[in-house]
Amino acid sequence: MAFDGCFVTGTDTGVGKTLVSAALLHTLARHHRRVVGMKPVAAGLIDHHGHWVSEDVQALRAASSVAVPPELDNPVALPDPLSPHLAAQRAGRLITMAELLAAQRALKERADVVVVEGAGGWRVPLNDHETLADLARALGVPVVLVVGLRLGCLNHALLSAEAIRADGLQLAGWVANTVDPDMACIEENIDTLRQRLAAPLLGVVPWQRQGSDARAVALELPSAWTASKDEHELVE
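Novice: Whenever I open this one, helix H6 (residues 132-139) confuses me. Can you help?
Specialist: Each turn of an α-helix holds 3.6 residues, which means side chains three or four residues apart point in the same direction. Within H6, burial applies to Leu132, Ala133, Leu135, Ala136 and Leu139. Taken end-on, H6 shows its buried residues confined to a sector of 155°, consistent with a single buried face. Of the surrounding elements, those touching the buried residues of H6 are strand E1 (5-10), helix H5 (97-110) and strand E7 (113-117). Capping the start of H6, threonine 131 holds a side-chain oxygen 3.1 Å from the backbone nitrogen of alanine 133, two or three residues further along. Remark: glycine 140 follows H6 within two positions and exhibits a positive phi of approximately 70°.

Novice: Just checking my understanding: could you explain the packing of aromatic side chains for this structure?
Specialist: Within a pair of aromatic rings, the relevant descriptors are the distance that separates the centres and the angle that separates the planes. On inspection of all chains with the given rule, the structure shows 2 aromatic pairs. With a centroid separation of 4.4 Å and an interplanar angle of 10°, the aromatic rings of phenylalanine 3 and tryptophan 225 are classed as stacked. With a gap of 222 residues between them, phenylalanine 3 in the segment before E1 and tryptophan 225 in the loop between strand E10 (201-205) and helix H9 (229-235) connect regions that are remote in the sequence. As far as burial versus exposure is concerned, phenylalanine 3 and tryptophan 225 are alike and both buried. Measuring from ring centre to ring centre gives 6.0 Å for phenylalanine 7 and tryptophan 122, while their planes differ by 90°; the resulting arrangement is edge-to-face. Within this pair, whereas phenylalanine 7 is found in strand E1, its partner tryptophan 122 is found in the loop between E7 and H6, the two being separated by 115 residues in sequence. Exposure remark for tryptophan 122: the relative accessible area of 5% places this residue in the buried category.

Novice: Just to check I follow, could you spell out the environment of threonine 13 for this structure?
Specialist: Its place among the elements puts threonine 13 in the loop between E1 and helix H1 (17-28). You can call threonine 13 exposed: its relative accessible area is 53%. Sequence separation between threonine 13 and glutamate 117 is 104 residues; the distance between their C-alpha atoms is 12 Å.

Novice: Whenever I open this one, the sheet that holds E7 confuses me. Can you help?
Specialist: Two strands in a sheet stick together by hydrogen bonds in their backbones, pointing the same way (parallel) or opposite ways (antiparallel). Pairing within the open sheet is parallel, and its 6 strands lie in the order E2-E7-E1-E8-E9-E10. Strand pairing shows two members of the sheet lacking a second neighbour, strand E2 (35-38) and E10, which therefore form its edges. On average, adjacent strands in this sheet sit at an angle of 20° to one another, irrespective of strand direction. Sheet analysis places E1 next to E7, joined by 4 bridges and oriented parallel. Following the sheet pairing, valine 8 is matched in E7 by glutamate 117. Of the strands in this sheet, E2 and E7 touch H5, which is tilted by about 170° from E2.

Novice: Looking at this structure, how should I read the packing of helix H7 (residues 153-166) against helix H8 (residues 186-196)?
Specialist: For any two helices packed against each other, the geometry comes down to the angle between their axes and how far apart the axes lie. Close contact between H7 and H8 brings their axes to 11 Å; oriented N to C, the two are set at 20°. Our classification of the angle between H7 and H8 gives roughly parallel. Crossing angle aside, the handedness with which H7 passes H8 is right-handed. Between H7, through Cys153, Leu154, Ala157 and Leu158, and H8, the contact on the second element is made entirely by Asn189, Thr192, Leu193 and Arg196.

Definitions and cut-offs
- Residues numbered from 1 in each chain as written.
- Predicted model: local features only at pLDDT ≥ 70, side-chain atom pairs only at ≥ 80, totals over all residues.
- Heavy atoms only, no water.
- Buried < 20%, exposed > 50% of the residue type's maximum accessible area, 1.4 Å probe, protein only.
- Helix = DSSP H or I, 4+ residues; strand = E, 2+ residues; numbered from the N terminus.
- Arc of directions from axis to C-beta.
- Contact = heavy atoms within 4.5 Å.
- Polar contact = N/O pair within 3.5 Å; in protein donor to acceptor, adjacent residues only side chain to side chain.
- Phe/Tyr/Trp six-rings, centres within 6.5 Å; stacked < 30°, edge-to-face > 60°.
- Pairing = 2+ DSSP bridges.
- Axes fitted to C-alpha atoms, helices over the stretch in contact; angles between N-to-C directions.
- Parallel < 35°, antiparallel > 145°, perpendicular 65-115°, else oblique.
- Left-handed = near helix turned anticlockwise from the far one by under 90°.

See below:
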């Protein structure tokens, strides 16, 4: 089966999911003609030339090779920077799984690869009954885990990997992002995760100031992700 997308999650909020998702889009665009990023739920908007938008969504759009209607790559945009279920309550709306899945299906008709970026960590609530993990399960795509390198990351990474696999999904790889430049024993922590995560390390992002360029992030993708649909059809 041809690779057509992945779900990007993180060990916490603020660990670089958007940077890594954009880097994935840039890297995948070297192998696939049409790639697009999706932020199903964005909580926390800014005023951009009179329009309220998510900075994360802007970054994904800049890294995508096709333009799509905003209701598809960001079906739920919420003003307050809170957990999705709380931001939705404040906005007086209900997030439904059906609307998120419908948007992703529509994107698949317009692109060869869809990179879906979550919000926060793996079990962030969407509503009273569902989480982003339920969305990832419904999509059924491989998962990339972004590990924010800072004190406590080993526990967060190992628990996240355990939860991803317990939910029946493939942890296709992980990316180490240096969010604390003063973290002690960074290399030793990366080596520990290499030994224990049982998934390939796709890349290490050095500490960067604000305004990081996703195009400068080097990622090594699984070989199955770099083959076009035509190449997969030849193999099959």
